[in-house]
Amino acid sequence: MWYEENTFIHTIQPKVNEIRWDFKWDSKFIDYSTRSIQFINNGHVESPILVEIDGHVLNPKIELYVEGQLYQELPFTVEIEEYEKLLYGTQEGNFYLNRQKTDGTLESLFNLDVLNPENNEVIRLPKNKSCELRLAADNEILNAKVTIFAYYKAI
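Residues numbered from 1 in each chain as written. Predicted model: local features only at pLDDT ≥ 70, side-chain atom pairs only at ≥ 80, totals over all residues. Heavy atoms only, no water.

### A closer look at the sheet that holds strand 6 (residues 69-75)
Now for step 1: Strand order in the open sheet made by the four strands is 2-12-5-6, with antiparallel pairing throughout. At either margin of the open sheet sits one strand with a lone partner, and together these are strand 2 (34-40) and strand 6. Direction aside, neighbouring strands of the sheet carry axes that sit 15° apart on average. (Pairing = 2+ DSSP bridges. Helix = DSSP H or I, 4+ residues; strand = E, 2+ residues; numbered from the N terminus. Axes fitted to C-alpha atoms, helices over the stretch in contact; angles between N-to-C directions.)

And the structure:
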């Protein structure tokens, strides 16, 4: 099989030539506690995902909606500090849930303090269905990267 790699990056950073004012008014701001990606897996098998969420983030969770219905939810009871990352991957033979610490070392988060054993811990997008993958947290998710692999049979 071969695969198509689809990467989606969410980031909040100042832009070049961004307009800024130094006065205040009654304003409303966007809530960045939830990020969302729409995707249809046209591959021949379920699509694994890779998720990287940069800290500071509190109690992140990954939700998969299929055809508009909540299909799978994976909440993590963990605080990822600033300059750390939450790393989650569901590729066959390379399944992981790690915290990348500031020094680059990896800490496995497969324990009962972080995961609920009643949840299905492997999120993969079913084929030929309209899917929405949501990243959420108790606070804002300012930087996240999601990679979806659509696998195809060799021609």
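Additional details are given in the paragraphs that follow.
### A few points about the environment of Arg134
Now for step 1: As for its position among the elements, Arg134 is in strand 12 (residues 130-136).
Now for step 2: Residues Arg134 and Ile62, spaced 72 residues apart in sequence, show a C-alpha to C-alpha distance of 5.7 Å.
Now for step 3: With near-sequence residues (within four places) excluded, Arg134 lies in contact with Thr34, Arg35, Ser36, Lys61, Ile62, Glu63 and Tyr65.
Now for step 4: Separated by 3.3 Å, the side chains of Arg134 and Tyr65 make a polar contact. (Contact = heavy atoms within 4.5 Å. Polar contact = N/O pair within 3.5 Å; in protein donor to acceptor, adjacent residues only side chain to side chain.)

### Describing the side chain of Arg99
Now for step 1: By the secondary structure assignment, Arg99 is in strand 9 (residues 94-100).
Now for step 2: Residue Arg99 is classed as buried on the basis of its relative accessible area of 13%.
Now for step 3: A distance of 3.3 Å separates the side chain of Arg99 from the side chain of Glu84, its partner in a polar contact. (Buried < 20%, exposed > 50% of the residue type's maximum accessible area, 1.4 Å probe, protein only.)

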